[in-house]
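The lines below spell out each chain.
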Amino acid sequence: METWVLITIAAAFLQNVRSAMQKHLKGVMGTTGATFVRFGFGLPFALFYLAFLYRSGHALPVPGGTFLLWATIGGLAQIAATFLLVHLFSFRNFAVGTAYSRTEPAQAALFGLLFLGEKASPGAVVAIAISVVGVMLISVARTTLSIRSLLTSVFSRTAGTGLLSGTLFGLSAVSYRSASLALAPSLPAPDYLMQAGFTLSFVILLQTLAMLAWIVLREPDELGRIRGAWKPAALVGFVGASASFGWFSAMTLQQAAMVKVVAQVEMLFTFASSFFVFREWITRLELIGCLLIVLGVVTLLVL
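Residues numbered from 1 in each chain as written. Predicted model: local features only at pLDDT ≥ 70, side-chain atom pairs only at ≥ 80, totals over all residues. Heavy atoms only, no water.

Asks: Before we move on, can you summarise the packing of aromatic side chains with the specific residues and values?
Replies: As enumerated under the stated definition, the model contains 10 aromatic pairs in all. Here a set of aromatic residues connected by ring pairs shows up, and it is made of Phe 48, Tyr 49, Phe 52 and Phe 245. Positioned above the aromatic ring of Trp 247, the side-chain terminus of Lys 260 is 5.4 Å from the ring centre. (Phe/Tyr/Trp six-rings, centres within 6.5 Å; stacked < 30°, edge-to-face > 60°. Lys NZ or Arg CZ within 6 Å of the ring centre and 35° of its normal.)

Asks: Describe the environment of Ala 81, with residues and values.
Replies: By secondary structure assignment, the location of Ala 81 is in helix α4 (residues 65-87). Since its relative accessible area comes to 0%, Ala 81 is described here as buried. The spacing of Ala 81 and Leu 171 is 90 residues in sequence and 9.5 Å in space, taken between C-alpha atoms. Apart from the residues lying within four places of it in its own chain, the contact partners of Ala 81 are Ser 165, Leu 168 and Phe 169. (Helix = DSSP H or I, 4+ residues; strand = E, 2+ residues; numbered from the N terminus. Buried < 20%, exposed > 50% of the residue type's maximum accessible area, 1.4 Å probe, protein only. Contact = heavy atoms within 4.5 Å.)

Asks: Summarise the side chain of Ser 172; cite the residues concerned and give the values.
Replies: In this structure, Ser 172 sits in helix α9 (residues 157-182). Here Ser 172 falls in the buried class, since its relative accessible area comes to 4%. The contacts of Ser 172, once residues within four sequence positions are left out, are Gly 74, Ala 77 and Gln 78.

Asks: Describe the packing of helix α6 (residues 104-116) against α9, and please don't skip the residues or the numbers.
Replies: Direction vectors running N to C along α6 and α9 enclose 45 degrees, while the axes themselves pass 8 Å from each other. It follows that α6 is oblique to α9 by the angle criterion. Crossing hand, α6 versus α9: right-handed. Here Glu 104, Gln 107, Ala 108, Phe 111, Gly 112, Phe 115 and Leu 116 of α6 come into contact with α9, specifically with Leu 163, Gly 166, Thr 167, Phe 169, Gly 170, Leu 171, Val 174, Arg 177 and Ser 178. Tallied by class, the residues present in the contact of α6 with α9 amount to 8 nonpolar, 6 polar and 2 charged. (Axes fitted to C-alpha atoms, helices over the stretch in contact; angles between N-to-C directions. Parallel < 35°, antiparallel > 145°, perpendicular 65-115°, else oblique. Left-handed = near helix turned anticlockwise from the far one by under 90°. Nonpolar A, V, L, I, M, F, W, Y, C, P; charged D, E, K, R; others polar.)

Asks: Explain the nonpolar core to me, and be specific about the residues and the numbers.
Replies: Counting 69 residues, the largest nonpolar core has Trp 247 and Leu 300 as its most contacted members. No other element matches helix α12 (residues 230-253), which puts 10 residues into this core. Residues contacting Leu 300, with those up to four places away along its chain left out, are Trp 4, Ala 124, Ala 127, Met 258, Val 261 and Val 262. (Core = buried A, V, L, I, M, F, W, Y, C linked by side-chain atoms within 4.5 Å.)

Asks: Before we move on, can you summarise the pattern of salt bridges with the specific residues and values?
Replies: In total, this model carries 3 salt bridges according to the counting rule given. Between Glu 118 and Arg 177 there is a salt bridge whose closest N-O contact spans 2.7 Å. Of this pair, Glu 118 sits in the loop between α6 and α7 (122-140) while Arg 177 sits in helix α9, placing them 59 residues apart in sequence. Residue Arg 177 is classed as buried on the basis of its relative accessible area, which comes to 10%. For Arg 225, the salt bridge identified is with Glu 222, shortest N-O distance 2.5 Å. Of this pair, Arg 225 and Glu 222 both sit in helix α11 (residues 221-228), 3 residues apart, which is roughly one turn of the helix. Given the relative accessible area of 38%, Arg 225 is considered partly exposed. Given the relative accessible area of 2%, Glu 222 is considered buried. (Salt bridge = Lys/Arg side-chain N within 4 Å of Asp/Glu carboxyl O.)

Asks: Give a detailed account of the packing of helix α10 (residues 192-218) against α12, specifying residues and quantitative values.
Replies: For the pair α10 and α12, the least separation of the axes is 8 Å and the interaxial angle reads 125 degrees. When the axes of α10 and α12 are compared, the pair comes out oblique. Relative to α12, the crossing made by α10 is right-handed. For the pair α10 and α12, contact is made by Tyr 192, Leu 193, Gln 195, Ala 196, Gly 197, Thr 199, Leu 200 and Val 203 and by Ala 241, Ser 244, Phe 245, Phe 248, Ser 249, Thr 252 and Leu 253, respectively. Partitioning the contact of α10 with α12 into residue classes produces 9 nonpolar, 6 polar and no charged.

Structural data, given as structure tokens:
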């Protein structure tokens, strides 16, 4: 199995763990604070990864204008996408919007074509379509919505918000890949670990400063709640930074859309936790969605 596939699966597992821990933090702080923890407490670990790579003999890249542009676009797009995804919970039929936000792999493929000239093979297109349908089925499995109503709701405000969220997530993924690849010319030889580590450190620093400024200006009370939960927040930061390092490494090695297809296995980890840890039953539609995700990943790896 290729290196980027193994890295992606590991990153998906760590992201599932981070999400579970962030859900716990939501009980002691607001959405903004729980989101900030992912970046602010992950920054020291990202810098540690970078320092470790440098001390291990990896040369530091020299960032240029192209890197700064793409890294900034990616970092801000990810913050906006996350905000929209959280905002979906204020809608009555948020499941529809969440389903459409899962079109991220398809949109990443489109951005990859537009900005990097990366063409998806017929097999990859089929894999993307299968996995996207699988995740969308899971998103609406516990609602009274039908497949028909899901498709006819494409022009609703909720669906529009979800699509925009997926667009921004897809844009951020391709932007991160573009930024990481832009560092290669300044290195003695391509080094995906250093390229990923440097890009991650810059992006997470940008996101930390941007969110910290927002909290200080708009939600200063969150600072006290964040300080009060610094121990679990530090663990979230470590796991989150580790997952992000995996994502950035995988997207340096492979097209963002391909990585995002394999990344859908995170849903399988989520359902495994629900079934084996929390003893929650899985519906038939959720099971079909899981099987489609597996089929999509297998299709991508085989064709």
